[in-house]
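# Observations on chain architecture
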Amino acid sequence: MCIGDVNNAGRDAFTEVVVLSWGKYMGKEVTKVLLLPKTGRRHQLRVHLADAGHPIVGDYTYCGDGEAPRMMLHAWRLTMKLPEKMCGKQVWIADDPFKELLEEEETVKELEAATG
């Protein structure tokens with residue numbers, strides 16, 4: 001995907017999207033996804049999901065959602081490759097903050113098993 005205008009053609013940006021589960025948040029159907037950005041552009045994840053018709057819950061800028069208390073975008077794992085003399089590769093893994101928020105959550109594996 002490339003977003004630009006007449007004066008600036010923009011640069012390509014790529015994001016892989018993997019569906020993890022479905023559920024309801026504040027009575028609305030939502031999908032929990034794993035986003036794997038292949039490039040690093042400002043607002044890339046937010047723009048790609050909004051353009052696909054699946055904006056991030058709470059993203060007021062790209063979908064006008066002011067109902068959620070915050071934007072529901074969360075880093076599950078961060079990896080930084082630092083020089084060995086500093087501390088080398090660092091990895092941080094966080095708990096799932098959405099686990100308690102989703103009502104009636106079904107994982108992709110549960111749905112595939114139920115539907116064959």
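Everything below is about the structure shown above.
Attention here is on the structure that accompanies the text. The residue count restarts for each chain, going from 1 along the sequence in the order it is written. Thresholds applied to this predicted model are a pLDDT of at least 70 for local features of residues and 80 or more for the giving and counting of side-chain atom pairs; totals over whole chains, interfaces and linings are not thresholded and use all residues. In computing side-chain properties, one takes all heavy atoms of the structure into account and sets aside hydrogens as well as water.

What follows deals with the overall build of the protein. When helices and strands are counted, the protein shows three helices and five strands. For the purposes of this entry, the term helix denotes a DSSP run of H or I that reaches at least four residues, the term strand denotes a run of E that reaches at least two, and both are numbered from the N terminus. The N-to-C order of helical and strand elements in the protein reads β-β-α-α-β-β-β-α. The buried share of the protein, reckoned over its 116 residues, is 19%. A contact between two residues is defined here by any heavy atoms of the two lying within 4.5 Å. Here the contacts in the protein between residues at least 6 apart in sequence split such that 40% fall between residues at least 24 apart. Accessible area of the protein: about 8,800 Å², with a carbon and sulfur share of 53%. Three exposure classes are used, based on accessible area relative to the maximum for each residue type with a 1.4 Å probe and protein chains only: buried under 20%, partly exposed in between, and exposed over 50%. All accessibility values rest on the Shrake-Rupley procedure with a 1.4 Å probe; residue burial counts only the protein chains present in the view.

Right, let's get into the layout of surface pockets. A volume near 1,300 Å³ is recorded for the largest pocket. Looking at the largest pocket, it is lined by 42 residues, and the ones nearest its centre are Thr31, Lys32, Val33, Met72 and Phe98. Put simply, the parts of the chain that give the lining of the largest pocket at least two residues each are strand 1 (15-25), strand 2 (28-37), helix 1 (44-51) and strand 3 (77-81). Here the lining of the largest pocket gets ten residues from one element, more than from any other, and that element is strand 2. By the convention adopted, Pro, Cys, Tyr, Trp, Phe, Met, Ile, Leu, Val and Ala count as nonpolar, Lys, Arg, Asp and Glu as charged, and the other residues, Gly among them, as polar. Tallied by class, residues from the lining of the largest pocket come to 28 nonpolar, five polar and nine charged. Cavity: a set of points on a 1 Å grid over the protein atoms alone where a 1.4 Å probe fits but cannot get out. Pocket: an open set with protein on both sides within 12 Å along at least five of seven lines, its lining residues, like those of a cavity, having an atom within 4 Å of a point. Grid points are joined across faces, edges and corners, and a volume is the space filled by probe spheres set on the points.

Another aspect to go through is the sheet that holds strand 2. Pairing is antiparallel across the open sheet formed by three strands, whose spatial order is 2-1-5. Looking at the sheet topology across the chains shown, the edges are occupied by strand 2 and strand 5 (103-107). When the angles between neighbouring strand axes are averaged without regard to direction, this sheet yields 30 degrees. We call two strands paired when DSSP finds no fewer than two bridges between them. One ladder, built from three bridges, connects strand 1 with strand 5; its direction is antiparallel. Bridge assignment links Ser21 to a residue of strand 5, and that residue is Thr107. Angles run from 0 to 180 degrees between N-to-C directions of axes, and those axes are lines fitted to C-alpha atoms, restricted for helices to the stretch in contact.

Below, the discussion takes up the side chain of Arg46. With respect to the helices and strands, Arg46 occurs in helix 1. Exposure remark for Arg46: the relative accessible area of 14% places this residue in the buried category. Polar contact is defined as a pair of N or O atoms within 3.5 Å, subject to the rule that within protein one atom must be able to donate a hydrogen and the other to accept it, and that residues adjacent in sequence are counted only when both atoms are side-chain atoms. Of note is the side chain of Arg46, whose polar atom sits 2.8 Å from the side chain of Asp59.

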